[in-house]
Protein chains: 2
Amino acid sequence: MEKVPAKVRAILLADDPETFVTRRISEVNLEFGGMRGDRHFGVTSKADSRQPMYPRGTEILNRRQITIVSEEELARIADELEVESVMPEWLGANLLVKGFPDLTKLTMGSRILFPSGAGLICMGENQPCTLPGDVLQKHYEDHEKLAFRFVRAGYKRRGIVCAVERPGIIHEGDEVQILVNDFTNPMQ
Amino acid sequence: MEKVPAKVRAILLADDPETFVTRRISEVNLEFGGMRGDRHFGVTSKADSRQPMYPRGTEILNRRQITIVSEEELARIADELEVESVMPEWLGANLLVKGFPDLTKLTMGSRILFPSGAGLICMGENQPCTLPGDVLQKHYEDHEKLAFRFVRAGYKRRGIVCAVERPGIIHEGDEVQILVNDFTNPMQ
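Source: prediction; values computed, not measured. (Residues numbered from 1 in each chain as written. Chains lettered and ligands numbered in written order. Predicted model: local features only at pLDDT ≥ 70, side-chain atom pairs only at ≥ 80, totals over all residues. Heavy atoms only, no water.)

A. Expanded view of the overall build of chain A. Along its length, chain A carries three helices and 13 strands. Since a compact globule built from 188 residues should have a radius of gyration of about 16 Å, the 16 Å found for chain A is in line with a globular shape. When burial is assessed residue by residue, chain A has 56% of its 188 residues classed as buried. Taking all contacts inside chain A whose residues are at least 6 apart in sequence as the whole, residues at least 24 apart take part in 71%. If you sum the accessible surface of chain A, you get close to 8,400 Å²; carbon and sulfur atoms cover 51% of it. For chain A, the distance from the average position of its 24 positive side-chain charges to the average position of its 28 negative side-chain charges is 4 Å. (Helix = DSSP H or I, 4+ residues; strand = E, 2+ residues; numbered from the N terminus. Rg over C-alpha atoms; globule rule 2.2 N^0.38 Å. Buried < 20%, exposed > 50% of the residue type's maximum accessible area, 1.4 Å probe, protein only. Contact = heavy atoms within 4.5 Å. Areas by Shrake-Rupley, 256 points an atom, 1.4 Å probe, with all protein chains shown as cover. Lys, Arg positive; Asp, Glu negative; His and termini not counted. Charge placed at Lys NZ, Arg CZ, Asp CG, Glu CD.)

Encoded structure:
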């Protein structure tokens, strides 16, 4: 099992009911269910268009508590779109990390362990939606068709979703350990 | 996304505190946390030797609520051990299914959907331990070193662990749909 160090560059919360856009906070107590006050908080959540196998609104297990993006992947998206930067806020991300460039490829079942002992478990790739592209377009009005082009530029670079496996406090600047799950000899 | 039909051949509960061995029941109401009364029931559980990244006894998210084995893989284990049969009870399994022969290879994030609308989500391969081998040895006393040989015969045939994604009742004989998660275009 590979172990990779990485750094938490930002912690972000979506606590404005009007938008999925997140805002930076310096620390947060991860609970079972995620970050209290965040729009994705909950041990369970309502099925939506992402889970077409269940009727819309059904209460299901919430595997999308925390979304994480990598600085390296956001830089690649920005390069491709020829914009100065793509901010994690605009994607509604909860964590921005640096040091694991291909974060979106992180295997399901991988762990992210924090200095406090808190732990997240990777529940897979976060598939792109079009909403962040609209936010991006507003920030760069002179760039054409940014909302449309974002979907392609963001493909396989939109990071991962996680569930809280072990509660605990986390801080901006935390050095985390990423335990990469190897499907041929999987962690349990 | 591939969709494969399969059949629930048995439902089993581990409700005897003295043993992990399960007993057959005809139906059960799946709740968030699994099967009430089962030793693995709970939305959270205690970290044990399977989760060495956390101190033993720490409360963590329970991804091992329901264990499932396939009739086809148990038959292959029995063949290799030259015994008449390997029963799901002896492995402490909660469900026995038929129709998805390589169940142990089912990818994380795959869904198992029941006629009632209940759904399980695959949390990965169940790695073998030595305990079921001891049970097997007791049932076939004239076979030598069965406990030892079971570990090898059971390698990559021990089935999967799941969490309840959507509660609901399930019955022996249920025809289920297995939605196979494809990591190149993952379900959400």
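Don't stop here, the text continues.
B. Spotlight on the interface of chain B and chain A. Each side of the interface is counted separately: chain B has 41 residues, and chain A has 41 residues. Regarding the contact of chain B and chain A, the summed buried area is about 3,200 Å², with carbon and sulfur atoms giving 60% of it. On the chain B side of the contact with chain A, Tyr54, Leu61 and Gln188 of chain B bury the most area, a combined 22% of that side's loss. The tally of links from chain B across to chain A stands at zero salt bridges. There are 16 residue pairs in polar contact (both at pLDDT 80 or more) connecting chain B and chain A. Elements that contribute at least two residues to the side of chain B that touches chain A include exactly strand E6 (59-61), strand E9 (111-113), strand E10 (119-125) and strand E11 (160-166) of chain B. The element that contributes the greatest number of residues to the side of chain B that touches chain A is E10 of chain B, accounting for five residues. For the side of chain B that touches chain A, the class distribution of residues is 20 nonpolar, 12 polar and nine charged. (Buried area = accessible area lost by both parts, 1.4 Å probe. Salt bridge = Lys/Arg side-chain N within 4 Å of Asp/Glu carboxyl O. Polar contact = N/O pair within 3.5 Å; in protein donor to acceptor, adjacent residues only side chain to side chain. Nonpolar A, V, L, I, M, F, W, Y, C, P; charged D, E, K, R; others polar.)

C. Here's a closer look at the environment of Ile66 of chain A. All names here are of chain A. Turning to its location among the elements, Ile66 is positioned in strand E7 (residues 66-70). With 55 residues separating them along the chain, Ile66 and Ile121 place their C-alpha atoms 9.7 Å apart. Apart from the residues within four sequence positions on either side, Ile66 is in contact with Leu30, Gly34, Met35, Asn94, Leu95, Leu120, Ile160, Val161, Cys162 and Val164.

D. Focus on the relation of the copies chain B and chain A. In screw terms, the move from chain B to chain A is a rotation of 180 degrees and a rise of 0.0 Å along the axis, fitting with an RMSD of 0.0 Å. Viewed as a symmetry operation, the transformation between the two copies matches a two-fold axis. For chain B, the smallest separation between a C-alpha atom and the rotation axis is recorded for Met108 of chain B, amounting to 3.4 Å. When the interface residues of chain B are mapped onto chain A, 100% of them again fall at the interface, so both copies present the same face. (Least-squares fit on C-alpha atoms with pLDDT ≥ 70 in both.)

E. Quick look at the pattern of salt bridges. Residue and element names in this part refer to chain B. The full count for this structure, using the stated rule, is 20 salt bridges over all chains. Between Arg9 and Glu71 there is a salt bridge, with the nearest N and O atoms lying 2.5 Å from each other. Here Arg9 is found in strand E1 (residues 2-13), whereas its partner Glu71 is found in helix H1 (residues 71-81), with 62 residues between them in sequence. Residue Arg9 is classed as partly exposed on the basis of its relative accessible area of 37%. A relative accessible area of 23% means that Glu71 is categorised as partly exposed. Salt-bridge contacts for Arg111 lead to Glu165; the nearest nitrogen and oxygen are separated by 2.8 Å. Residue Arg111 is found in strand E9, and its partner Glu165 is found in strand E11; the two are separated by 54 residues along the sequence. Judged by its relative accessible area of 0%, Arg111 is buried.

F. How the structure looks around empty space enclosed by the protein. Taken as a whole and judged by the stated rule, the model has four cavities of 30 Å³ or more. Here the largest cavity defines a volume of roughly 80 Å³. Taken together, the residues of the lining of the largest cavity break down into eight nonpolar, four polar and two charged. (1 Å grid on protein atoms, 1.4 Å probe; cavity = no way out; pocket = protein on both sides within 12 Å on 5 of 7 lines; lining within 4 Å. Points joined across faces, edges and corners; volume = space filled by probe spheres on them.)

G. Representation of the side chain of Asn181 of chain B. Mapped onto the elements of the fold, Asn181 of chain B is located in the segment after strand E13 (175-180). A polar contact is formed between the side chain of Asn181 of chain B and the backbone oxygen of Met108 of chain B, at a distance of 2.9 Å. Excluding residues that lie within four positions of it along the chain, Asn181 of chain B makes contacts with Met108 of chain A together with Thr107, Met108, Gly109, Ser110, Pro186 and Met187 of chain B.

H. The arrangement of the UniProt feature "domain: MOSC" (unreviewed entry) in chain A in detail. In this structure's numbering, the residues bearing the UniProt feature "domain: MOSC" (unreviewed entry) are residues 19-179 of chain A. In residues 19-179 of chain A, the share of helix is 17% and the share of strand is 32%. The end C-alpha atoms are 33 Å apart. (UniProt positions renumbered as here; feature names shortened; annotations may be inferred.)

I. Local environment of unusual backbone geometry. Residue and element names in this part refer to chain B. Positive phi outside glycine occurs at Glu82, with the angle close to 55 degrees. With respect to the secondary-structure elements, Glu82 resides in the loop between H1 and helix H2 (88-91). In the Ramachandran plot, Lys145 falls in the positive-phi region, its phi being about 55 degrees despite a non-glycine side chain. Secondary-structure assignment places Lys145 in the loop between helix H3 (131-139) and helix H4 (146-153).

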